[in-house]
Amino acid sequence: MLDIKFIRENKELVKKGCRNKGVEVDIDRIIELDKKRREMLTELEKLRAEKNKASKIIASVKSQQEKKKIISEMKKIDKKEDALKEKFNKIDKELNELLLQVPNLPLESVPVGKDESENVVLREVGKKPEFNFPPRDYLELAQELDLIDIKRAAKVAGTRFGFLKKEAVLLEFALINFAFDQLIQEGFIPLVTPVMIKPEMMRGMGYVERGRDEIYYIEKDNLYLAGTTEQIIGAMHAGEIFEEKQLPIRYVGFSTWFRREAGSYGRETWGIFRVHQFDGVEMFSFAHPEKSVYEHQFFLSLEERLMKLLKIPYRVVEICTGDLGDPAAAKYDIEAWMPSQGRWRETHSTSNCTDFQARRLNIRYKDKKSNKLKFVHTLNGTAFAIGRTLIAIIENYQQKDGSIKVPSVLRKYLNFSVIKKRKR
RNA sequence: GGAAGGGUGCCGGAGUGGACUAACGGGACGGCCUGGAGAGCCGUGCCUCCUUUGUGGGGCUCGUGGGUUCGAAUCCCACCCCUUCCGCCA
């Protein structure tokens, strides 16, 4: 949510931001409703002030006659108030609904563009592996090595699910351990989180207005399944107030993520690249507003460090305005090199959501200078989305004989250094 | 699923129709004191909004939304959430 005062004073800027994000919201209507609302509020408050005054007089006046007279006057004012309040509520409600539709504005630094085709590649890092044989597809390799079972997953749960098996399972745990080790060392607080979230919390995180179709909903219990750990950790401190010196508060959380993948029918339906359910390790930070741009770079640098340590070639992509979600003011993706496809595929994402989520969820800190409560900034970043990271490892570490080497940083978590075919 | 209790400001916590303008305590902030700090003392409109800006004036605020009443933290209704006990269960 944006500050209504900000919208009032920066109408054109807000319109431009929405336009650049490719989102349609009637900002003029918001301004109009806001004006009306304030006018009515002023009147309403006048009536209430009158009532309050009269109440005090009634309590102190001795003469019954006088009392009756004032009371009958008050009844008239009451009627007026009721009528006005009804109108006011209607406008207030419409305004609120509209305000929730307004996305966070992109930071100045974000490249303007209409969709993902206009994202900007910032850099490529790492050496692409050179094979003296045609690199094979991860799924083929994984099935040969009995690491992934799609058929049975389809039988059990339907399309877009997978079983991880054998070394793939151990690899997942190794990745989780590796990520936690790295991030705890940086002062992140480790978490294992719930995966279900109340609608008002999900709304607060800003993923309901546009994106509802992407979320699983459990009607019987009125709960959503989280699409990322971010949604859970962000909501964790809803309504709370931090001391300024506590900031930033950094978490690293593990949980399972759920995606309906509505609208992606037919795209990558086979395998585990795009599935309804996968595990993830995520970073989240509640940061001082003046430090959030720095914090965002910090998150990006940590994601890059993880990829560098795994020795997986990747590139960093700066997301353009048209490809930002509602809550994000700025976002970078990391895309890993997939040799069999000969292209880069997204494995990480980090967003600076500035005060957008904090305002909706009322997460504040006490500002020392002004002694006022202000909204924190929230940031999130993928440490690992397990499925896709496994894919990147399998593809980049494949050997001619169809075996897969284990990245050296993961070896201390495992008792094997290569995954190979054997009789089992 | 059954039963009971509860949700009060920055925090703890009292308060069952008009003196609640929310007690009391803690914290925070400002001041006094001090070489400086601590302690002590004094003060505070401590959230949020409208209006005005020299400042003021007013509203809202006791989980949320309705209702009763001239007047609600307090009474009534609905909903949300939390805790405890019983049952079921990894």
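Residues numbered from 1 in each chain as written. Chains lettered and ligands numbered in written order. Predicted model: local features only at pLDDT ≥ 70, side-chain atom pairs only at ≥ 80, totals over all residues. Heavy atoms only, no water.

Draft legend 1. Fine view of the packing of helix H7 (residues 167-185) against helix H10 (residues 292-310). One can describe the packing of H7 onto H10 by two numbers: an axis separation of 11 Å at closest approach and a directional angle of 130°. Taken together, the axis directions place H7 and H10 in an arrangement best described as oblique. For the element pair H7 and H10, the recorded crossing hand is right-handed. Residues Leu175, Phe178, Ala179, Gln182 and Leu183 of H7 touch H10, and the partners they reach there are Leu302, Arg305, Leu306, Leu309 and Leu310. Looking at the contact of H7 with H10 residue by residue, the classes come out as 8 nonpolar, 1 polar and 1 charged. (Axes fitted to C-alpha atoms, helices over the stretch in contact; angles between N-to-C directions. Helix = DSSP H or I, 4+ residues; strand = E, 2+ residues; numbered from the N terminus. Parallel < 35°, antiparallel > 145°, perpendicular 65-115°, else oblique. Left-handed = near helix turned anticlockwise from the far one by under 90°. Contact = heavy atoms within 4.5 Å. Nonpolar A, V, L, I, M, F, W, Y, C, P; charged D, E, K, R; others polar.)

Draft legend 2. Representation of the layout of surface pockets. The space that makes up the second largest pocket amounts to roughly 470 Å³. Lining the second largest pocket are 20 residues, and of these Phe6, Leu13, Leu105, Pro106 and Leu107 lie nearest its centre. In terms of residues, the lining of the second largest pocket owes the most to one element, helix H2 (residues 11-21), which gives 4 residues. Counted by class, the lining of the second largest pocket contains 9 nonpolar, 6 polar and 5 charged residues. Two domains each put at least three residues into the lining of the second largest pocket: domain 1 (4-101) and domain 2 (116-419). (1 Å grid on protein atoms, 1.4 Å probe; cavity = no way out; pocket = protein on both sides within 12 Å on 5 of 7 lines; lining within 4 Å. Points joined across faces, edges and corners; volume = space filled by probe spheres on them. Domains from an automatic or database assignment.)

Draft legend 3. Representation of the confidence of the model for chain A within the structure. Averaged over chain A, the pLDDT score is 91; the fraction of residues at 70 or greater is 98%. Both confidence scores are given for the complex: pTM 0.92, ipTM 0.84. (pLDDT = per-residue confidence, 0-100.)

Draft legend 4. Here's a closer look at the pattern of salt bridges. What the rule picks out here adds up to 26 salt bridges. Ionic pairing is found between Asp34 and Arg8, a salt bridge with its closest N-O pair at 2.6 Å. Linking Asp34 in helix H3 (residues 27-60) with Arg8 in helix H1 (residues 4-9), this pair joins segments that are 26 residues apart in sequence. One salt bridge connects Lys166 with Asp146, and the closest N-O pair in it is separated by 2.6 Å. Of this pair, Lys166 sits in the loop between strand E3 (163-164) and H7 while Asp146 sits in the loop between helix H5 (138-144) and strand E2 (148-149), and the two are 20 residues apart along the sequence. Relative accessible area serves as the criterion here: at 24%, Asp146 is assigned to the partly exposed category. Salt bridges sharing partners connect three or more residues here, namely Lys11, Glu12, Lys15 and Asp28. (Salt bridge = Lys/Arg side-chain N within 4 Å of Asp/Glu carboxyl O. Buried < 20%, exposed > 50% of the residue type's maximum accessible area, 1.4 Å probe, protein only.)

Draft legend 5. Representation of the protein's contact with RNA strand B in the model. Neighbouring RNA strand B are 24 residues, the closest being Thr42, Glu45, Asn52, Asp78 and Lys368. Take Arg38: an N or O atom from its side chain is 3.4 Å from a phosphate oxygen of RNA strand B. A distance of 2.8 Å separates a sugar or linking oxygen of RNA strand B from a polar atom in the side chain of Thr42. When contributions to the surface near RNA strand B are tallied by element, the ones reaching two or more residues are H1, H3, helix H4 (64-101) and strand E14 (364-366). (Near = heavy atom within 4 Å. Polar contact = N/O pair within 3.5 Å; in protein donor to acceptor, adjacent residues only side chain to side chain.)

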